[in-house]
Amino acid sequence: MSDTANLAAKMDIDEAEIDEGLYSRQLYVLGHEAMKKMAASNVLIVGLNGLGAEIAKNVCLAGVKSVTLYDPEPVTLQDLSSQQYLLREEDIGKPRAAATLPRLSELNAYVPVRDLGGRSGQEISVDMIRPFQVVVLCSASYEKQLEINDWTHTNAVHFISAEARGLFGSVFNDFGPKFTCVDTTGEQALTGMIVSVDKDKEGLVTCLDEARHGLEDGDFVTFTEVQGMEELNGCKPRKISVKGPYTFTIGDTSDFGDYTRGGIFHQVKMPKIIEFKSLRESLKSPELFITDFAKFDRPATLHAGFQALSQFRKQRQRLPRARNTEDAAVLVSLAKKMDPDADEKVLTELAYQATGDLSPITAVIGGFVAQEVLKACSAKFHPMVQHMFFDSLESLPSTLPTEEDCRPIGSRYDGQIAVFGKQFQEKIASHRQFLVGAGAIGCEMLKNWSMMGLGAGPDGKIHVTDLDTIEKSNLNRQFLFRPKDLGKFKSEVAAAAVSEMNPALKGHIICKQEPVGQSTENVFNDDFFGALDGVTNALDNVAARQYMDQRCILYEKPLLESGTMATKGNVQVVIPHLTESYSSSQDPPEKQTLSCTVKNFPNAITHTIEWARQEFDAMFVKPIESVNQYLSEPNYLENSLKYSGQQRELVEQIVSYLVTNRPLTFEECIVWARLQFEEKFNNAIRQLLHSLPKDHLTSTGQPFWSGPKRAPDPLAFNSSDPAHLAFIVAAANLHAYNYGLRGETDPNAFRKMADSIIVPEFTPKSGVKIQINENDTAEQATSDSNDLSDLVKKLPPPSSLAGFRLTPVEFEKDDDTNHHIDFITAASNLRALNYKIPVADRHTTKQIAGKIIPAIATTTALVVGLVCLELYKIIDGKRKLEEYKNGFVNLALPFFGFSEPIAASKNKFGNTEWTLWDRIEFNNDPTLKEFIQWFRSTHGLDVTMVSQGVSMLWSSFTDKKKSAERLPMKFSKLVEHVSKRPIPPHTKHLLVEVMLMDEEGEDVEVPFILVRI
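Please read these numbers as outputs of a predicted model, since none were measured by experiment.

Caption draft 1: Structural context of the overall build of the protein chain. Summing up its helical and strand segments, the protein chain has 33 helices and 33 strands in all. Relative to the 2.2 N^0.38 estimate, which gives 31 Å for 1013 residues, the radius of gyration of the protein chain is 33 Å and therefore close to what a compact globule would have. Burial statistics for the protein chain: of 1013 residues in total, 56% are counted as buried. Positive and negative side-chain charges of the protein chain, numbering 108 and 134 respectively, have mean locations separated by a distance of 2 Å.

See the structure below:
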């Protein structure tokens, strides 16, 4: 036992501070507190088959204190089919844990990975698991699970067991008799303004009617800034009962003071105690977690089935043979003894597939279990209670394989052949897919595809494109990349990494660095799409997704679409002539903050961050661009003054940046920054309060500064205040960058300089118009033309500054040395201090200003697994809507939701029925006259307008001369004639829009029109 004691001592080392550069996107999912708890947790993973390796990979990326592996069994060829990204062919025969360890260790320098050793045939024992906080058993017998869990349940060690068998998966959780979950959902705590609180037994709270409160019965709240009923401020969390979208009760307030005005409610996340049963108890009375409500009775069948499988293995010292009816009958009878109502068909398939090992199922179960490990370590998010069974039997081929077809052939794909058969494996190898994006989803996708052998046959191909290069924050989720790859192209590194995992892919992965869009249609052209079997999106923006969706409709290709945000993920399948497309439904637009709120009346930190982000552009980007345009574009000033509504502002800006405030030394940048502080956080506030004093009343006699409008106070500069100095440091350095001057960060130098600056006296002006609501015109300084011409005279002629240019700042959120986020954090927090809004730390500001989407490796792995389960169906060519599944998951809750894709909606013109997948095609470059006549003679429809792209080619009101000229023209010539641009050589067809009328003069909608030229 001394070895285990030594290991415990080794693990008792404090880890360094959390590396925000590496864990940036994950921190927005879990938060600092949860990450710190994880960094104190030692995790043991027993069983390094595909599932164990996937769990270990995700846990290492997430960042726990240590990961220890136990699996002394030798590596076999079949291991490569589900775990090849950590093993190579030369590892066959070595102990699994020892062979897995080197590549696992590379994933995260902050997570030491250790091998617990052991010899082949030696099972894990209770003595070996004592030093760990979380123990995960993969593919262990139920006997072994019971032995280990009996000890962990009574010794406050978190226990998870998991299994993946063919298209089936099973997970069991036991986090002890009393597990405290500190945040069950991970959602942002709600907050909102209130306008009244009743003084009675119920205590009805009414919220401002700008937004629904969003609370649910049983939530807890506390309050701040309540006037009159001050007892509520900072009160102990009070349980609420929802009465309506804008009202809720908080219980007895009858002894409190009378409410007068103001107040903000804050939701308080309350810890939840969860009582887990031991496995021994759970096997008798299981609590089943449903993953697919269409298979409501399946978990009970599989609960008996997986136990029967363990019994079969104990009796026969092997698993049931693939597609062997004899073995299946034995397993069915074992299961039926436990549950006579168990579904025989499902049990038979479990027996048939027991030797199967599929990377997509491994990804789904491995991603899920890894998140459960993180929940056990951090107490963040609700654990799964307690048994989960998952299957994707719909992924089986329509023509089921025979026993002969599923026999092992001594190939790395034997685990897949056991489920799908050799013939289907050949289909997978011949498949041709286009992967758009090589980020987190793209990396996981390529890893799964390489294990499946996708595109590895003589006719197979994988195309992957991504224009991005690798950054440090990518390494936390995009596991094909290492620190040595920083700065290289994602697509190249990812393609090389998976070709090394599966050498059969060499020469079958073609990588590009072009973005998808109209500008690259010469690269991704008709021939390119014609040679594809399907497209998989791994994109991070809606515009690119919609573009690829349109291309897949045009070329009639299946599309697999997926996305993640924190613990949420979704999968959508788009099948030609069967389902709707990605663009058929859209999310509602994000709610925009009113400009007057950001400019004058902020009441939340998001408003001040948005203001600071706008100031960043207004100080370091836009004026610099204006100066450069003035210096480089002839007549820039004339044209700008002619068309711009803010003429004086523009000229003043150029004069300021080029003449009056042009610094020659860094000290002058500090002076400029100090004066900017005065202008933004003192003078502007004093002007606002001069125009709208704190006792100002509205036209109805109500206090103007009430409800969402918070009265500000000016800030007096204090060089000893870190927030004040942070603004000066960041602003001065960014100003210096604009002018190519060397910066400085020594706070003492800034303090000394800032204190010596004489700040001009400010007197508020009368008659300044303040924008109070969205319909008011923004404040503008009026000026006569004499003033403007005097200003223009101050500008040096561009010729006198030949070659001189300023450098605009390009906003980059992930470089912690460039002062960008430092400036936005300082400016936002100073404005928050003006308005008595609680400030935000740099980390929170960075997420909001940089519009960072939170992300974690566990969700990515699971979602990609679901995508690949749908890909099996596409390869099989399934044509029934009910055979496909769109999916939505939220690992925090946890929740799985599956549904049939929505069918493409049917439209009709005349007697012709059509969907978005149909098109009207014209071949051989017809003339405009032939085109118009075809609609009349074939469908009795009159063409009233024809356009292509942005060019209107013809309409019923085109004059006779132009009509006579254009009607006989071939389409290609007509487009060139009207657009005055040649058609690019790669273009073989034109998308044409028409307006059509029937004989009654009603508009008629038809499918899109393709003219082949």
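Caption draft 2: The arrangement of the nonpolar core in detail. In this structure, I124, I365, W449 and L480 are the most contacted members of the largest nonpolar core, which totals 164 residues. By residue number, the principal contributor to this core is helix α30 (residues 857-876), which donates 12 residues. Among the nonpolar cores identified, the runner-up in size contains 68 residues, and V598, I654, L658 and A827 belong to it.

Caption draft 3: Highlighting the pairing of strand β19 (residues 461-465). Burial analysis of β19 places four of its five residues in the buried class, the great majority of the element. Of the pairings in the sheet, the one linking strand β18 (residues 432-436) to β19 comprises five bridges and is parallel in character. Note that in β19 the partner of L435 across the bridge is V464. Taken together, β18, helix α15 (residues 440-452) and β19 form a β-α-β motif whose crossover is right-handed. Relative to strand β20 (residues 509-512), β19 runs parallel, the two being bridged by four bridges. Paired with T465 across the bridge in β20 is K512. Taken together, β19, helix α16 (residues 490-501) and β20 constitute a β-α-β crossover, and its handedness is right-handed.

Caption draft 4: Region of interest: empty space enclosed by the protein. A complete count under the given rule lists six cavities of 30 Å³ or more for this structure. In terms of lining, the largest cavity is formed by 17 residues, of which the most central are D292, K295, F390, D391 and F898. When grouped by side-chain class, the residues that make up the lining of the largest cavity number eight nonpolar, two polar and seven charged.

Caption draft 5: Representation of the sheet that holds strand β16 (residues 288-289). Taken in spatial order, the eight strands line up as β3-β2-β1-β4-β5-β6-β17-β16 in an open sheet, and their pairing is mixed. Only two strands of the sheet have a single neighbouring strand rather than two, namely β3 (113-115) and β16. Of the pairings in the sheet, the one linking strand β1 (residues 42-46) to strand β4 (residues 134-138) comprises four bridges and is parallel in character. Its bridge partner lying in β4, I45 is registered against V136.

Caption draft 6: Geometry of the packing of helix α9 (residues 298-316) against helix α11 (residues 344-353). Put simply, α9 and α11 touch, their axes get as near as 10 Å, and they point 40° apart. Regarding the angle of α9 to α11, the classification is oblique. Between α9 and α11 lies a crossing of right-handed hand. Every residue of α11 that contacts α9 at R298, T301, L302, G305, F306 and L309 is listed here: V346, L347 and L350. Across the contact of α9 with α11, the residue classes tally to six nonpolar, two polar and one charged.

Caption draft 7: Helix α2 (residues 20-38), seen in detail. Helix length check: α2 (19 residues) gives 15 Å between terminal C-alpha atoms against 27 Å at 1.5 Å per residue, more than 12% under. Where α2 is concerned, the buried positions are L22, Y23, S24, R25, Q26, L27, Y28, V29, L30, A34, M35 and M38. At the N-terminal boundary of α2, the capping side chain belongs to D19, with an oxygen 3.0 Å from the backbone nitrogen of G21.

Caption draft 8: Representation of the sheet that holds β20 in the model. One open sheet holds the eight strands; their spatial order is β20-β19-β18-β21-β22-β23-β24-β25, and the pairing between them is mixed. This sheet does not close on itself; its edge strands, each paired only once, are β20 and β25 (895-899). Pairs of neighbouring strands in the sheet enclose a mean axial angle of 10°, with direction left out of account. Here α30 sits on the sheet and contacts β18, β21 (534-537), β22 (559-565), β23 (568-574), β24 (886-890) and β25; the angle it forms with β22, its principal contact strand, is near 170°.

Caption draft 9: Inspection of the pairing of strand β29 (residues 942-948) at higher detail. Most of β29 is tucked away: five of the seven residues are buried. Examined bridge by bridge, β29 and strand β31 (residues 989-997) share five bridges and lie antiparallel to one another. Paired with D942 across the strands is M997, a residue of β31. Where β29 hands over to strand β30 (residues 951-955), the hairpin turn is made up of two residues, of which G949 adopts a positive phi near 60°.

Caption draft 10: Region of interest: the state of the cysteines. Applying the stated criterion across every chain yields a total of zero disulfides. In this structure C138 is not part of a disulfide, and its nearest cysteine sulfur, from C60, lies 13 Å away. C235 takes part in no disulfide bond, and the closest cysteine sulfur, belonging to C207, lies 14 Å away.

Caption draft 11: Quick peek at the environment of G169. Note on placement: G169 falls in strand β6 (residues 168-174). We classify G169 as buried; its relative accessible area is 0%. Between the C-alpha atom of G169 and that of F306, which follows or precedes it by 137 residues, the distance is 9.3 Å.

Caption draft 12: A look at a negative patch on the surface. Taken together, the side chains of D468, E471, D540, E812 and D815 present a region of like negative charge at the surface. By the secondary structure assignment, D815 is in the loop between α27 (785-793) and α28 (820-834). Taking relative accessible area as the criterion, D815 reaches 31% and is therefore assigned partly exposed.

Caption draft 13: Layout of the environment of L833. The topology assignment puts L833 in helix α28. As for L833 and T520, which are separated by 313 residues in sequence, their C-alpha atoms are 49 Å apart. With residues up to four places along the chain from it excluded, the contact list for L833 reads L715 and V839.

Caption draft 14: Representation of helix α18 (residues 542-555) within the structure. For α18, which comprises 14 residues, the first-to-last C-alpha distance of 20 Å matches the rise-based estimate of 20 Å (1.5 Å per residue) to within 8%. When we look at burial in α18, the residues that qualify are A544, R545, Y547, M548, D549, R551, C552, I553, L554 and Y555. Capping the start of α18 is the job of one residue whose side-chain oxygen sits 3.4 Å from the backbone nitrogen of A543: N541. Within two residues after α18, E556 carries a phi angle of roughly 55°, on the positive side.

Caption draft 15: Spotlight on the packing of helix α24 (residues 666-691) against helix α26 (residues 747-756). α26 packs onto α24 with a crossing angle of 65° between their chain directions and a minimal axis gap of 10 Å. In this structure, the crossing between α24 and α26 has a hand that is right-handed. Contact with α24, carried on its side by F666, E667, I670, V671 and R674, involves F750, M753 and A754 of α26 and no other residues of that element. Of the residues assigned to the contact of α24 with α26, the class counts are six nonpolar, no polar and two charged.

Caption draft 16: Structural view of the confidence of the model for the protein chain. In this model, the protein chain carries a mean pLDDT of 93, and residues with pLDDT of at least 70 account for 97%. Note on residues 7-16: pLDDT under 50 across the span, and 19 contacts to partners over four residues away in sequence or across chains.

Caption draft 17: Here's a closer look at the packing of aromatic side chains. In the structure shown here, the tally under the stated rule is 43 aromatic pairs. Centroid distance F175 to F276: 5.2 Å. Interplanar angle 40°. Geometry classified as tilted. Pair noted here: F175 is in the loop between β6 and β7 (179-181) and F276 is in the loop between β15 (272-274) and α8 (279-284), with a separation of 101 residues, a long-range link. The pair F175 / F276 is uniform in exposure class, with both members buried. Aromatic side chains F888 and F895 sit 6.2 Å apart centroid to centroid with 50° between the ring planes, which places their arrangement in the tilted category. Take F888: its relative accessible area is 35%, and that puts it in the partly exposed class.

Rules used in this analysis
- Residues numbered from 1 in each chain as written.
- Predicted model: local features only at pLDDT ≥ 70, side-chain atom pairs only at ≥ 80, totals over all residues.
- Heavy atoms only, no water.
- Helix = DSSP H or I, 4+ residues; strand = E, 2+ residues; numbered from the N terminus.
- Rg over C-alpha atoms; globule rule 2.2 N^0.38 Å.
- Buried < 20%, exposed > 50% of the residue type's maximum accessible area, 1.4 Å probe, protein only.
- Lys, Arg positive; Asp, Glu negative; His and termini not counted.
- Charge placed at Lys NZ, Arg CZ, Asp CG, Glu CD.
- Core = buried A, V, L, I, M, F, W, Y, C linked by side-chain atoms within 4.5 Å.
- Pairing = 2+ DSSP bridges.
- Right-handed = clockwise from strand over helix to strand, strands pointing away.
- 1 Å grid on protein atoms, 1.4 Å probe; cavity = no way out; pocket = protein on both sides within 12 Å on 5 of 7 lines; lining within 4 Å.
- Points joined across faces, edges and corners; volume = space filled by probe spheres on them.
- Nonpolar A, V, L, I, M, F, W, Y, C, P; charged D, E, K, R; others polar.
- Axes fitted to C-alpha atoms, helices over the stretch in contact; angles between N-to-C directions.
- Parallel < 35°, antiparallel > 145°, perpendicular 65-115°, else oblique.
- Left-handed = near helix turned anticlockwise from the far one by under 90°.
- Contact = heavy atoms within 4.5 Å.
- Expected span 1.5 Å × (residues − 1).
- Polar contact = N/O pair within 3.5 Å; in protein donor to acceptor, adjacent residues only side chain to side chain.
- Disulfide = S-S within 2.5 Å.
- Patch = residues over 30% accessible without salt bridge, like charges linked within 9 Å, V, L, I, M, F, W, Y side chains within 5 Å.
- Areas by Shrake-Rupley, 256 points an atom, 1.4 Å probe, with all protein chains shown as cover.
- Salt bridge = Lys/Arg side-chain N within 4 Å of Asp/Glu carboxyl O.
- pLDDT = per-residue confidence, 0-100.
- Phe/Tyr/Trp six-rings, centres within 6.5 Å; stacked < 30°, edge-to-face > 60°.

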